[in-house]
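Examining the three-dimensional arrangement
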Amino acid sequence: MPKDLAKNARPVTILTGFLGAGKTTYLNHLLQSKPNTRFAIIENEYGEQSIDSELIIRAENDIVELNNGCLCCTLNENLYDILNTLYERRDEYDEIIIEATGVADPRGLAEPFIIHASIKKQFPLGRIVCLIDAELVEDQLVETEEAIHQITFSDVLLINKTDLV
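Residues numbered from 1 in each chain as written. Predicted model: local features only at pLDDT ≥ 70, side-chain atom pairs only at ≥ 80, totals over all residues. Heavy atoms only, no water.

Description of the overall build of the chain
Within the chain one finds 8 helices and 6 strands. Order of helices (α) and strands (β) in the chain, N terminus to C terminus: β-α-β-α-β-α-α-β-α-α-β-α-α-β. Burial status across the chain gives 47% buried among its 165 residues. For the chain, the proportion of contacts with a sequence separation of at least 24, taken over those separated by at least 6, is 72%. Surface summary for the chain: the accessible area is close to 8,900 Å², and the carbon and sulfur share equals 50%. (Helix = DSSP H or I, 4+ residues; strand = E, 2+ residues; numbered from the N terminus. Buried < 20%, exposed > 50% of the residue type's maximum accessible area, 1.4 Å probe, protein only. Contact = heavy atoms within 4.5 Å. Areas by Shrake-Rupley, 256 points an atom, 1.4 Å probe, with all protein chains shown as cover.)

So, in structure tokens, the structure goes:
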């Protein structure tokens, strides 16, 4: 953790990418490659039925699900409530990963971490990582604005499925 972070700060990574780009697979790889890091994972599900949280293979991490709508689009009180709870439990984890739903625009999800001083101090936004499906990206960029926003607003672009092109 960088020295300039507040003592109790927990860095946040937002994981984005269009549907099927490999976000959950990448998240599982990240969890396995950092076995000594305790993660709190916020799983942003679009529908009422959770799928991705069942696919995350390291169950000792805290997984918080946000169902019934895209947090990134509506930015309701759920995120603030979850951040309050995570702040109270900050000794139980080292980092937060937010896996956005595949149709999310990450700008709205990143907003509290950029604008609100207390959130920015306690939960500094480290990076926004976008998974890109090499086979489908051209069509997605033509058909959806969300894919454009996901790519242009991210710090890190991971091009996945290159073996298919």
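As for the pattern of salt bridges
Overall, the coordinates contain 6 salt bridges when judged by the stated rule. As a salt-bridge pair, K34 and E95 come within 3.6 Å of each other at their nearest N and O atoms. Remark: E95 occurs in strand β4 (residues 95-99) and K34 occurs in the loop between α1 (23-33) and β2 (39-44); sequence separation between them is 61 residues. Since its relative accessible area comes to 31%, K34 is described here as partly exposed. (Salt bridge = Lys/Arg side-chain N within 4 Å of Asp/Glu carboxyl O.)

Quick notes on the nonpolar core
Judged by nonpolar contacts, the single largest core of 20 residues is most densely connected at L86, I96, I98, F113 and F123. With 5 residues, helix α4 (residues 77-88) is the largest single contributor of residues to this core. Grouped together as the second largest cluster of nonpolar side chains are 10 residues, A21, L31, I97 and V129 included. (Core = buried A, V, L, I, M, F, W, Y, C linked by side-chain atoms within 4.5 Å.)

Side note on the packing of aromatic side chains
For the structure on display, the rule yields 0 aromatic pairs. The ring of Y87 has R90 lying over it, and the distance from NZ or CZ to the ring centre is 3.9 Å. (Phe/Tyr/Trp six-rings, centres within 6.5 Å; stacked < 30°, edge-to-face > 60°. Lys NZ or Arg CZ within 6 Å of the ring centre and 35° of its normal.)

Comments concerning unusual backbone geometry
Phi angles above zero are rare outside glycine, and K161 is one such case at about 65°. Its place among the elements puts K161 in the segment after β6 (156-160). Note on K161: relative accessible area 27%, which makes it partly exposed.

Some words on the environment of L164
Structurally, L164 can be placed in the segment after β6. Since its relative accessible area comes to 45%, L164 is described here as partly exposed.

Observations concerning the pairing of β2
The buried count for β2 comes to 6 of 6 residues, which makes it a mostly enclosed element. Here β2 shows a buried face lined by F39, I41 and E43 and a second buried face lined by A40, I42 and N44. Across 5 bridges, β2 lies against β4 in parallel orientation. Residue pairing across strands places F39 opposite E95, the latter belonging to β4. (Pairing = 2+ DSSP bridges.)

Remarks on the confidence of the model for the chain
Looking at the chain, the pLDDT average stands at 79 and 76% of residues meet or exceed 70. The weakest mean pLDDT in the chain belongs to helix α3 (residues 71-74) at 38; the strongest belongs to strand β5 (residues 125-133) at 96. Scored below 50 in pLDDT, residues 64-76 makes 45 contacts in the model with residues more than four places away or belonging to other chains. (pLDDT = per-residue confidence, 0-100.)

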